[in-house]
Amino acid sequence: MVTRRSFFNGAGLAVAAAAVHKASLAALPEIVSAESAHMRAPLQPPDGRPYRPVATLNGWTLPWRMRNGIKEFHLVAEPVQREIAPGMKAHLWGYNGQSPGPTIEVVEGDRVRMFVTNRLPEHTSIHWHGQRLPSGMDGVAGLSQPAIKPGETYVYEFMAQRAGTFMYHPHADETTQMAMGMMGFWVTHPRDPRAMAVDRDYVFLMSAYDISPGAYTPNVSTMLDFNLWTFNSRAYPGIDPMVARLGERVRIRFGNLTMTNHPVHLHGHEVVVAGTDGGWIAPAARWPEVTVDIGVGQMRALEFTASAPGDWAFHCHKSHHTMNAMGHGVPTTIGVEERDLANQIAALVPNYMNMAGDGGAMADMSMAMPLPENTLPMTGGEGPYGSIDMGGMFTVMKIRADLAHDDYRDPGWYRAPKGTVAYRWEGEPPPAARGGDPRKPA
Amino acid sequence: MVTRRSFFNGAGLAVAAAAVHKASLAALPEIVSAESAHMRAPLQPPDGRPYRPVATLNGWTLPWRMRNGIKEFHLVAEPVQREIAPGMKAHLWGYNGQSPGPTIEVVEGDRVRMFVTNRLPEHTSIHWHGQRLPSGMDGVAGLSQPAIKPGETYVYEFMAQRAGTFMYHPHADETTQMAMGMMGFWVTHPRDPRAMAVDRDYVFLMSAYDISPGAYTPNVSTMLDFNLWTFNSRAYPGIDPMVARLGERVRIRFGNLTMTNHPVHLHGHEVVVAGTDGGWIAPAARWPEVTVDIGVGQMRALEFTASAPGDWAFHCHKSHHTMNAMGHGVPTTIGVEERDLANQIAALVPNYMNMAGDGGAMADMSMAMPLPENTLPMTGGEGPYGSIDMGGMFTVMKIRADLAHDDYRDPGWYRAPKGTVAYRWEGEPPPAARGGDPRKPA
Amino acid sequence: MVTRRSFFNGAGLAVAAAAVHKASLAALPEIVSAESAHMRAPLQPPDGRPYRPVATLNGWTLPWRMRNGIKEFHLVAEPVQREIAPGMKAHLWGYNGQSPGPTIEVVEGDRVRMFVTNRLPEHTSIHWHGQRLPSGMDGVAGLSQPAIKPGETYVYEFMAQRAGTFMYHPHADETTQMAMGMMGFWVTHPRDPRAMAVDRDYVFLMSAYDISPGAYTPNVSTMLDFNLWTFNSRAYPGIDPMVARLGERVRIRFGNLTMTNHPVHLHGHEVVVAGTDGGWIAPAARWPEVTVDIGVGQMRALEFTASAPGDWAFHCHKSHHTMNAMGHGVPTTIGVEERDLANQIAALVPNYMNMAGDGGAMADMSMAMPLPENTLPMTGGEGPYGSIDMGGMFTVMKIRADLAHDDYRDPGWYRAPKGTVAYRWEGEPPPAARGGDPRKPA
């Protein structure tokens, strides 16, 4: 069992106590921050009602202080630096050191008190999306509370009335603040830990950024032309894989805070949407799907049984959302033979890249182009069979008959197994028709 | 009971009889027009089968003439002036004086005759979206009828076979005509007034416009980059609030005639989609939601029980759709310190606005920028706790334990209660951690 | 019964055997290609388990070779020329001569072997979207297999485990390759031909292209601003109509491989989504709709009973998606009187078109503008009552009490009946209020 102290010491989190007086230490819960985009082991609850924790992709769960039966959390809205993927960092706004902020996990019936400290250069607020609560706690600046000014700490308090899948985000200058990465996941576990139980429970939020090649700060007024599409402010190959043992029931919960729908596709399995931020869906009302379309401001709890071993792609099915920057809006030269043309265009168009001029296309470009500093290639990821032509909202669901860590209380349980296994037909293998094979046309 | 004559006299509607001969008066129903964007009291049916009327946000219901058992309506397609919100008017095309046109309310089994007069500078037609009718009445110009030329009056006639939620819009040069605001709501009430009965029933259509700052007429060829996102051609703070008494069952019906999905989010309550333009959904097949994503050309009848008092935000969850013009596509200067930069950029970029150069962002801009004539600020709305940073597709659902007008036949029943109440935790109030509070970090 | 040989000879398909040796002929199934965008008669299965075939709009089904109980298909990825509609051809990438590739039809439990020959200038792979299969057969280049290099033939083999609606597309440089038109439909029929049986079963895929006026090759880096919205790489008026006899049960299956949702609307009838690529939906869980919104990477099997005779529009409800090129992003001059303005703007803006300068709008423009070579007018289609102002994703569902061909094994069964019938009110006809009619306002 991971204790709270060892969790703080051992998991890369820092207690940012320097700026807080002794007096305020007594009143405010300590500030726990994350310094990196590494996934932390799920937080085993040290007190309060028991529950089985979720795993946050490239993220972590915020510890609380139990005080007079109330769970007290301390969120700090502040500028952060987020590694989008190895090779690129973004200057975002987030909570407690990272964007998105930490996941909040409580239990149905818990009374919770959220201290929110504003270290941003402008006012903010937090809306507890999907919760039943008094309207004065709802977080809409101007309507249900005054905005929280820079330097202030505001306190929200309500009971977690309904088990389910939620999120939190600002409701003050929210276009700017969500475009800068301010958001976090919230799970209210059922009072009975056996209710709606699954073997694996992953969570993440979808966000999009428009960061010009070579720049660090998003353009916050972009409405449509985003160039970075992320799960938890990470782009492939920077996104954690998900792991399950063959036969397990798996839940993946996600929310969408971009500006467009995302059709989330799992290979090799059928899934159902078992719940939304509005509650659980009666089994008879669920639709079998392989691609779940999620609207903006919606949350989905997708479920499936890990029935086939192997490495299965899990991604947004909009093809541009599985590419990183510099793949959108450049001229096409497929079918163009003249080698001079690319040079002529390059003299006119900044960042112009010749696509398929020699019979190649984006796949070749990704390798060949020199990139500006702090810019991801369009696609990346090394697979067992060569480069994987994907970026952005893409990761892999790894299903194995045997896993080294299969107790969810073991800190290693969520770690990806080494190597990648693509299982083929069980009987005679199909012919690998390559090289000098007669089936290859002349 | 409001009579038809007193309704005409008392509710700001004008009978535009001047241009109609005596001869035609006998044949055509009189033209009833609206001159403003104020919400009218729901139209109590003076004859025909009884029903409980709907309330149209910033709109009204068209009176009919009962003739030989047929309900005759007269729609006039024409250029109109629509106030989008106080401070901005748009030159649109609509019906009977406004965009959208008036709501049509009939009863299942009614035989209806729609006279459509074209006062536009080009041909038009009307498609009665979602209705079962003879294909010759379906309104697709060229396919099911000749287009209605300028100056002509065309007559549609069919039986309202199916109770439910519908709309009408042109099906001739429809990209232009819908981009100009031509659309209207249609409700067919069930033959049994107790069927599917609710306490409050609100209706509106969603439309989007691209009107350059300072201009009056939409750019009708815009496919994606709209800058005004509206409910019934109104943007917040110009949109009517909705009202309900605590415990009432509320229905909100809406249709989408923009070019993208809109995820409609209600705070503090779970909702279901109880019906579509295709019919009512069996209760067992409904999903609990807090955000209902509506596709283009779809209609949704959302329902919920008003279970918590207060002022609850109701809005599209795409953050740019709760902003008005001038918030999209401008450079970001978050983190930029040099004061000169803004001036340099401003010399290069028309309409450039410095965002957050002094540590502020959009929220500050809205207040500080001088606006061109006839342009809404990005966000607006005065709340009890200061400015509400919202525009566009945003309004408020006001739920109260007591209402001054709680009989739906009372013309005041839909009027918003004065003031805004944000209810807080019932027990001890949470500490308002402000000012000299020790919880405020140094 | 159409035999395989007569099918090849009679249906416009060519056996491209020239480039294949005798040796390889023994190992590889012959390559069957289509040379035009004409719809072929559904392929009656010559061997294997019986099933009732589907009809592919402007497409065809690939014949197979039965070998040792395995159905062997041969797909060739290659550059193709596709007629988008009469008057415009596009240079795309596809399979076996056309884009999209041929439909694959197999039966639940069939063991299938897919030979894929790459004749593109870059590597590729095929992902069998929605299928249960060994992960090594899943087609993600780099992850589950090496990419198929130009000139190579790769072999996939798996059992069609689940009856339903599927598609295939590349999973290597897929943004480019799907933007170039690489995709195809796949139907796995149930083992029991009576299961889920309907009278008519139509299939197509939705794709979008950005081809500049006068050009032939799509811009493959476009993320949003497409100008051609197609069903099976065809735009109206080039899309086949669908046909049904009054009272028949009709299924229309479609998949979306564009970059945005498409709300598919049928006039005059209510529909249900009876299945997805994830499986069939329990009848109690279906929603009545008139507009079905399909996300990217999703498939929908829509069903309805053809209950009303006539010609019924069937189209995407996003108005710009029922227009062809040159209708998006040009200035509006509605309300502008000066005739000189258009000339002044035209001098500044390439491809500028005056819209409604004389009181007309897009509808007039379509007729009046000289078009660049190889460019479709914005809208087209001659109807019985004049021009139909539609393009792109639009076609017509023709429902008749009597059809010349009503046995699905008759090659003519899918052919559109001659002429167009718009049925009107059965009783007294509504007055056609035109010309000198007193109902026409002065």
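Thresholds applied
Residues numbered from 1 in each chain as written. Chains lettered and ligands numbered in written order. Predicted model: local features only at pLDDT ≥ 70, side-chain atom pairs only at ≥ 80, totals over all residues. Heavy atoms only, no water. Least-squares fit on C-alpha atoms with pLDDT ≥ 70 in both. Core = buried A, V, L, I, M, F, W, Y, C linked by side-chain atoms within 4.5 Å. Buried < 20%, exposed > 50% of the residue type's maximum accessible area, 1.4 Å probe, protein only. Contact = heavy atoms within 4.5 Å. Helix = DSSP H or I, 4+ residues; strand = E, 2+ residues; numbered from the N terminus. Pairing = 2+ DSSP bridges. Axes fitted to C-alpha atoms, helices over the stretch in contact; angles between N-to-C directions. Phe/Tyr/Trp six-rings, centres within 6.5 Å; stacked < 30°, edge-to-face > 60°. Lys NZ or Arg CZ within 6 Å of the ring centre and 35° of its normal. Salt bridge = Lys/Arg side-chain N within 4 Å of Asp/Glu carboxyl O. 1 Å grid on protein atoms, 1.4 Å probe; cavity = no way out; pocket = protein on both sides within 12 Å on 5 of 7 lines; lining within 4 Å. Points joined across faces, edges and corners; volume = space filled by probe spheres on them. Nonpolar A, V, L, I, M, F, W, Y, C, P; charged D, E, K, R; others polar. pLDDT = per-residue confidence, 0-100. Buried area = accessible area lost by both parts, 1.4 Å probe. Polar contact = N/O pair within 3.5 Å; in protein donor to acceptor, adjacent residues only side chain to side chain.

> Please provide a residue-by-residue account of the relation of the copies chain A and chain B, values included.
In screw terms, the move from chain A to chain B is a rotation of 120 degrees and a rise of 0.0 Å along the axis, fitting with an RMSD of 0.0 Å. Between the two chains, the operation in question is that of a three-fold axis. Closest to the rotation axis within chain A is the C-alpha of Ala285 of chain A, separated from it by 2.8 Å.

> Describe the nonpolar core, naming the residues involved and giving the relevant values.
Among the nonpolar cores identified, the biggest contains 231 residues, and Trp128 and Ile252 of chain A, Trp128 and Ile252 of chain B together with Trp128 and Ile252 of chain C are the most heavily contacted of them. Apart from the residues lying within four places of it in its own chain, the contact partners of Ile252 of chain B are Tyr202, Phe204, Met242, Arg300, Ala301, Leu302, Phe304, Phe314 and Met397 of chain B.

> Tell me about the pairing of strand E5 (residues 70–85) of chain A, residues and numbers included.
All names here are of chain A. With 13 of 16 residues buried, E5 is to be regarded as a mostly interior element. In terms of strand pairing, strand E4 (residues 65–67) meets E5 through three bridges, oriented antiparallel. Its bridge partner lying in E5, Arg65 is registered against Glu72. Linking E4 to E5, which pair antiparallel, is a turn of two residues; within it Asn68 sits at a positive phi near 50 degrees. In this structure, E5 lies alongside strand E8 (residues 111–118), joined through eight bridges in parallel fashion.

> Give a detailed account of the sheet that holds strand E7 (residues 104–107) of chain B, specifying residues and quantitative values.
Residues and elements named next belong to chain B. The strand order E7-E12-E11-E9 describes an open sheet built from four strands, whose pairing is mixed. A single partner strand is all that each edge strand has here, and the edge strands are E7 and strand E9 (127–129). Across the sheet, the mean angle separating the axes of adjacent strands is 25 degrees when strand polarity is ignored. Pairing analysis gives three bridges linking E9 to strand E11 (residues 164–169), with the strands arranged antiparallel. Its bridge partner being in E11, His129 is matched across the sheet by Met167.

> Describe in detail the sheet that holds strand E9 (residues 127–129) of chain A, supporting the description with residues and values.
Adjacent strands of a sheet form backbone hydrogen bonds with each other and so pair up, either parallel or antiparallel. All names here are of chain A. Judged by pairing direction, the sheet is mixed, and its four strands sit side by side in the order E7-E12-E11-E9 without closing on themselves. The open sheet terminates on both sides in strands that have one partner only, identified here as strand E7 (104–107) and E9. Between one strand axis and the next, the sheet turns by 25 degrees as a mean value, whatever way the strands run.

> So what's going on with the packing of aromatic side chains? Residues and values would help.
Across all of its chains, the model carries 42 aromatic pairs over all chains by this definition. With a centroid separation of 5.8 Å and 25 degrees between ring planes, the pair formed by Phe158 of chain B and Trp186 of chain B is classed as stacked. In this pair, Phe158 of chain B is assigned in strand E10 (residues 153–159) and Trp186 of chain B in strand E12 (residues 184–189), connecting sequence segments 28 residues apart. Under the relative-accessibility criterion, Phe158 of chain B is labelled buried at 0%. Through a chain of ring-to-ring contacts, the aromatic side chains of Tyr95, Trp128, Tyr154, Tyr156, Phe158, Tyr168 and Trp186 of chain A assemble into a single cluster. Here the basic side chain of Lys71 of chain B rests over the ring of Trp64 of chain B, its NZ or CZ set 4.3 Å away from the ring centre.

> Tell me about the pattern of salt bridges, and name the residues and values.
Oppositely charged side chains can pair when the atoms bearing their charge come close. Taken as a whole, this structure holds 58 salt bridges over all chains when the rule is applied. With its nearest N and O atoms 3.7 Å apart, the salt bridge here joins Arg119 of chain B to Glu78 of chain B. Here the residue Arg119 of chain B occupies a position in the loop between strand E8 (111–118) and E9, and Glu78 of chain B occupies one in strand E5 (residues 70–85), the gap between them amounting to 41 residues. Arg119 of chain B gets classed as partly exposed once you look at its relative accessible area, which sits at 33%. By relative accessible area, Glu78 of chain B is classed as buried at 12%. The shortest N-O distance in the salt bridge between Arg111 of chain B and Glu157 of chain B comes to 2.8 Å. A residue pair is termed long-range when its members are at least 10 positions apart, and Arg111 of chain B in strand E8 and Glu157 of chain B in strand E10 qualify at 46 residues. You can call Glu157 of chain B buried: its relative accessible area is 0%. A network of salt bridges, in which partner residues are shared, links Arg65, Glu72, Arg111, Arg113 and Glu157 of chain A.

> Tell me about the side chain of His317 of chain B, and name the residues and values.
Residue position: His317 of chain B is located in the loop between strand E22 (310–316) and helix H4 (339–348). Since its relative accessible area comes to 2%, His317 of chain B is described here as buried.

> Run through empty space enclosed by the protein, naming residues and quoting values.
Any empty space left between the atoms is revealed when a probe the size of a water molecule rolls over them. The computed volume of the largest cavity comes to approximately 680 Å³. Residue lining of the largest cavity: 31 residues in total, with Trp287 and Arg300 of chain A, Arg300 of chain B together with Trp287 and Arg300 of chain C positioned closest to the centre. Take the lining of the largest cavity: its biggest share by element is four residues, from strand E20 (residues 291–294) of chain A. Here the lining of the largest cavity is composed, by residue class, of twelve nonpolar, ten polar and nine charged. Its volume calculated, the second largest cavity comes out at about 390 Å³. Considering the residues around the second largest cavity, the lining is formed by 27 residues, among which Leu224 and Thr260 of chain A, Leu224 of chain B together with Leu224 and Thr260 of chain C are closest to the centre. When grouped by side-chain class, the residues that make up the lining of the second largest cavity number 15 nonpolar, nine polar and three charged.

> Which residues make up the confidence of the model for chain A, and what values go with them?
Residues and elements named next belong to chain A. Chain-level statistics for chain A give a pLDDT mean of 84 and a share of 80% at 70 or above. Every residue in residues 1–25 is under pLDDT 50, and counting partners more than four places away or in other chains gives 43 contacts. pLDDT under 50 marks residues 427–442. Its contacts with residues more than four places away, or in other chains, come to 35 contacts. For this predicted complex, the interface confidence comes out at an ipTM of 0.88, alongside a pTM of 0.89.

> Would you mind going over the interface of chain A and chain B in detail, with residue names and values included?
Often, the extent of an interface is quoted as the loss of accessible area on bringing the components together. Contacts between the two partners involve 77 residues from chain A and, on the opposite side, 70 residues from chain B. Between chain A and chain B, the buried area comes to about 5,900 Å², and carbon and sulfur atoms account for 59% of it. The salt bridge partner of Arg300 of chain A is Glu289 of chain B, with a shortest N-O separation of 2.9 Å. At the junction of chain A with chain B, the criterion picks out 17 residue pairs in polar contact (both at pLDDT 80 or more). Of all elements in the fold, only helix H2 (22–27), E8, E9, strand E10 (153–159), helix H3 (174–179), strand E18 (272–276) and strand E19 (279–280) of chain A reach the threshold of two or more residues within the side of chain A that touches chain B. At six residues, E10 of chain A tops the list of elements feeding residues into the side of chain A that touches chain B. Grouping the constituent residues of the side of chain A that touches chain B by class yields 34 nonpolar, 31 polar and twelve charged.

> Hey, could you go over the pairing of E18 of chain A for me, with residue numbers and the actual values?
Residue and element names in this part refer to chain A. In terms of residue burial, E18 counts as a mostly covered element, since five of its five residues are buried. Pairing geometry for E18 and strand E21 (residues 299–305), over four bridges, is antiparallel. Paired with Val273 across the two strands is Leu302, which belongs to E21. Of the pairings in the sheet, the one linking E18 to E19 comprises two bridges and is antiparallel in character. Looking at the pairing, Gly275 lines up with Trp280 of E19. Where E18 folds back on E19, the antiparallel hairpin that results is connected by two residues.

> With reference to specific residues and values, describe unusual backbone geometry.
The step from Tyr236 of chain A to Pro237 of chain A runs through a cis peptide bond, and the omega angle for that step is 10 degrees. Looking at the element boundaries, Pro237 of chain A is found in the loop between strand E14 (228–231) and strand E15 (242–245). For Ser233 of chain B, which is not glycine, the phi torsion reads 55 degrees and is therefore positive. Look at Asn68 of chain C: it is not a glycine, yet its phi comes out positive at around 55 degrees.

> Describe the environment of Ser207 of chain A, listing the residues and the values that go with them.
Residues and elements named next belong to chain A. Within the fold, Ser207 resides in strand E13 (residues 200–209). On the basis of relative accessibility, which here comes to 1%, the residue Ser207 falls in the buried class. Setting aside residues up to four positions removed in sequence, Ser207 forms contacts with Met183, Leu228, Trp229, Thr230, Ser233, Leu257, Thr258 and Met393. Of the polar contacts made by the side chain of Ser207, one reaches the side chain of Tyr209; its length is 3.0 Å.

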